[in-house]
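Structure assessment
Letter by letter, the chains look like this.
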Amino acid sequence: MVLELALPTTNTVVLARAAVDATLGVAGVAGISRGRYAIARTFGATGAVIEGVQITEVDAGLHVEVHIVVALVPIPPLAAAVRAAVVGAFYRLGAAVTSVDVWVDALYLTEGQEGGR
Amino acid sequence: MAQERTLTSDSVQLDKGQSEKGLITAQGGSSPKPMGSGGVGGTTKIADSVVARIAGIAAREVAGVHDMTSTGLGQAFGNITGRVTGQDQQDRGVVVQVGEIECIVDLNIVVDYEASIPQVAMALRRNVSGRIRGMTGLETKEVNINVADLYFPNQDQNQEPQAAAVR
C-alpha cells in the first residue's frame, strides 16, 4: 500500500524528495533510476510524482525503496551510505523508517572507465 | 539476466569487513537485518547487468584479451539493439548467473595471437573474480572462458587493401 500521509505534517512526496536529495548527496551515486521492471513512484495528494523512490507503510513505520545508478565503486559500502543518508533525512523530518531497500539498477561509467577497444 | 542479487544491508557488518563472507540473502530479503543506520534494515539488490558490466570491464583489463565477442543469438540481438539505442557494450560477451552468495561468469573472448591462452585464462579468472568480489561482495564460483577467435596484429592492415579492392 502506498502511504498517502506518513505523518500529519509530512506527506510522502516531501519524504520522497528528501530521500532523492539525500541519495544524490552520497559519493558514488551517479543518479536516480526509475526502476528496472516497473517504475518506482511516490504519488502526492496534489498530483506530484517522484520517480525512483517508493515509500510504503509497514507495521512499525515506513519502508523505503530507492533505485540508483552507481559509479564504479564498491557497492555494499555505498548502499550502506545511501541507507544512512535516507534514514538521516527522514529522521530530520520526523518520520520513522524501518527499512531501506537499495536497488542498484545500472552502472554509470565515465569515458576513461569504459575500456572498450 | 532478468534477476537481481540481494545483499543484506547491514552497514555494521559491512564496516567490519564481512561483506565478502556471504551476507547475501535470497531476493526479497525474507529476513532483513534490523541493524546499522540506527536500527534500520533493508536489502541491497544489484541487477545482473551491473555484475555483467563489472565482469566485462575486468576482463578487458587483462593483457592478451583483445576484445569480447557476443555469444548466441540472444546476445547478438542484444548487441544490435544496444547499438541502435546507444547502450554501452561493456557486458558484450559476458553472461552471468547470479545466485544467493556466488555467481558464475561465462566469457567469450578474442585473444591476441601471441598471448598464452592458459596465462590469459588464469589472469582473467583472477581479475574477474577479484573485481566482482570487491565491487559486489559476490564470490565467483566459476569463470568459464570461451576463446572465440584470435586477433592477429596485422589483421587490420590485411583487411584494408581487400576492402579497397572491393570498392
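Thresholds, definitions, all that
Residues numbered from 1 in each chain as written. Chains lettered and ligands numbered in written order. Predicted model: local features only at pLDDT ≥ 70, side-chain atom pairs only at ≥ 80, totals over all residues. Helix = DSSP H or I, 4+ residues; strand = E, 2+ residues; numbered from the N terminus. Buried ≥ 20, exposed ≤ 12 C-beta atoms within 10 Å, placed from the backbone. Core = buried A, V, L, I, M, F, W, Y, C linked by C-beta atoms within 7 Å. Contact = placed C-beta atoms within 7 Å. pLDDT = per-residue confidence, 0-100. Pairing = 2+ DSSP bridges. Right-handed = clockwise from strand over helix to strand, strands pointing away.

Quick look at the overall build of chain B
Of the regular secondary structure elements, chain B holds five helices and seven strands. Buried residues in chain B amount to 39% of all 167 residues.

Description of the nonpolar core
Ala 19 and Val 86 of chain A together with Val 51 and Ala 55 of chain B are the most contacted members of the largest nonpolar core, which totals 67 residues. A per-element tally of this core places helix α2 (residues 75-92) of chain A first, with eleven residues. The residues contacting Val 86 of chain A, other than those within four sequence positions of it, are Ala 19, Ala 22, Thr 23, Val 64, Val 66, Val 97 and Val 100 of chain A.

A look at the confidence of the model for chain B
Residues and elements named next belong to chain B. Overall, the predicted model of chain B reaches an average pLDDT of 73, with 58% of residues at or above 70. Counted against residues more than four places away or in other chains, residues 8-36, with its pLDDT under 50, gives 67 contacts. Here the predicted complex carries an ipTM of 0.83, next to a pTM of 0.73.

Observations regarding the environment of Thr 110 of chain A
The topology assignment puts Thr 110 of chain A in the loop between β8 (97-107) and α3 (111-114). Classification of Thr 110 of chain A by C-beta neighbours within 10 Å gives exposed; the count is 9.

Side note on the pairing of strand β7 (residues 61-70) of chain A
A regular strand places its side chains on the two faces of the sheet in alternate fashion. All names here are of chain A. Counting buried positions along β7 gives eight out of ten residues, so the element sits mostly inside the fold. As paired strands, strand β3 (residues 29-32) and β7 are joined by three bridges and run antiparallel to one another. Across the sheet, Ile 32 pairs through a bridge with Ile 68, a residue of β7. Relative to β7, strand β6 (residues 53-58) runs antiparallel, the two being bridged by six bridges. Its bridge partner being in β7, Glu 57 is matched across the sheet by Leu 62. Hairpin geometry of β6 and β7 is characterised by an intervening segment of two residues between the two adjacent antiparallel strands. Examined bridge by bridge, β7 and β8 share nine bridges and lie parallel to one another. Along β8, the bridge assignment pairs Val 66 with Val 102. Note that the unit made of β7, α2 and β8 has a crossover that is right-handed.

Observations regarding the confidence of the model for chain A
Parts of the prediction with low pLDDT should not have their coordinates interpreted in detail. All names here are of chain A. Model confidence for chain A is summarised by a mean pLDDT of 85, while 87% of its residues fall at 70 or above. Highest mean pLDDT in chain A belongs to β3 (95); lowest belongs to strand β1 (residues 5-7) (48). Under a pLDDT of 50 for its full length, residues 5-9 has, in the predicted model, seven contacts with residues more than four places off or in other chains.

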